[in-house]
Amino acid sequence: MSLTEGMSNIASYVEFSNQYKVVQRSFRKLTQAFRKFWRLMLTDNVSPEGIAKSLKDVDGLQRRTEALFKQLLKKWPRSVKLLRAYGTFVEEVKQDALTAQRFFKEADSIEDETAEARRRGLTGDGGAQSSDALAHIDDKKDAMVRGYFPNIKC
């Protein structure tokens, strides 16, 4: 791998990480909006206007979160991390366990393929790595050590 390819991979990884954080934040806000709605429903003096506003907030956040997920999945369709997160979104928010299971199975399948390729030695420097391999990076297992790239500000 050349230096240019390495820097491109780092940039792609950083882009994926940043965009993934945005979708996770949106998902968290949506979850908070759901909680707020149900707290409101448990009060004694709930108003129709309050319910309407709360539902509008939930709907807007759900649409935004789904759009973000779809945008990321279009760019990184083989990201195990992203597929699992979207599966969770579909299961918890859209209440569609069947579709969620399809995303979880796809993530498992990609993970199995990656493990098999590693076992065979195909993902080394031999060039057989897929173009979206950065999406498979596990932040905990594959974290960069800052000392290797002293000029990059983290």
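Residues numbered from 1 in each chain as written. Predicted model: local features only at pLDDT ≥ 70, side-chain atom pairs only at ≥ 80, totals over all residues. Heavy atoms only, no water.

A.B. asks: Which parts of the structure should I look at to understand the overall build of the protein?
C.D. replies: When you go through the protein residue by residue, the secondary structure sums to four helices and zero strands. Listing the helices and strands of the protein from first to last along the sequence gives α-α-α-α. Counting all 154 residues of the protein, 29% fall into the buried class. Sequence-distant contacts in the protein: of pairs separated by 6 or more residues, those separated by 24 or more amount to 62%. For the protein, the computed accessible surface area is about 10,800 Å², with 54% contributed by carbon and sulfur atoms. (Helix = DSSP H or I, 4+ residues; strand = E, 2+ residues; numbered from the N terminus. Buried < 20%, exposed > 50% of the residue type's maximum accessible area, 1.4 Å probe, protein only. Contact = heavy atoms within 4.5 Å. Areas by Shrake-Rupley, 256 points an atom, 1.4 Å probe, with all protein chains shown as cover.)

A.B. asks: How do you make sense of the packing of aromatic side chains when you look at a structure like this?
C.D. replies: Geometrically, a pair of aromatic rings is defined through the distance of the ring centres and the angle of the planes. Using the criterion set out here, one finds nine aromatic pairs in the structure. Centroid distance F69 to F89: 5.4 Å. Interplanar angle 45 degrees. Geometry classified as tilted. One end of the pair, F69, is in helix α2 (residues 48-75); the other, F89, is in helix α3 (residues 80-92), with 20 residues separating them in the sequence. Ring centres 5.8 Å apart and planes at 20 degrees place the aromatic pair Y86 and F89 in the stacked group. Of this pair, Y86 and F89 both sit in helix α3, three residues apart, which is roughly one turn of that helix. On the basis of relative accessible area, Y86 is assigned to the buried category, the value being 5%. These aromatic residues form a ring-pair network of at least three members: F27, F69, Y86, F89 and F103. (Phe/Tyr/Trp six-rings, centres within 6.5 Å; stacked < 30°, edge-to-face > 60°.)

A.B. asks: Please clarify how the packing of α2 against α3 should be interpreted in this entry.
C.D. replies: Two measures define how a pair of helices packs: the angle their axes make with one another and the distance between the axes. Where α2 meets α3, the axes come as close as 11 Å, and the angle between the chain directions of the two elements is 155 degrees. One element, α2, and the other, α3, form an angle in the roughly antiparallel class. Considering the relative orientation of α2 and α3, their crossing is left-handed. Taken together, the residues of α3 that come into contact with α2 (itself represented by Q62, T65, E66, F69, K70, L72 and L73) are L82, L83, A85, Y86 and F89. Its residues placed into classes, the contact of α2 with α3 shows eight nonpolar, two polar and two charged. (Axes fitted to C-alpha atoms, helices over the stretch in contact; angles between N-to-C directions. Parallel < 35°, antiparallel > 145°, perpendicular 65-115°, else oblique. Left-handed = near helix turned anticlockwise from the far one by under 90°. Nonpolar A, V, L, I, M, F, W, Y, C, P; charged D, E, K, R; others polar.)

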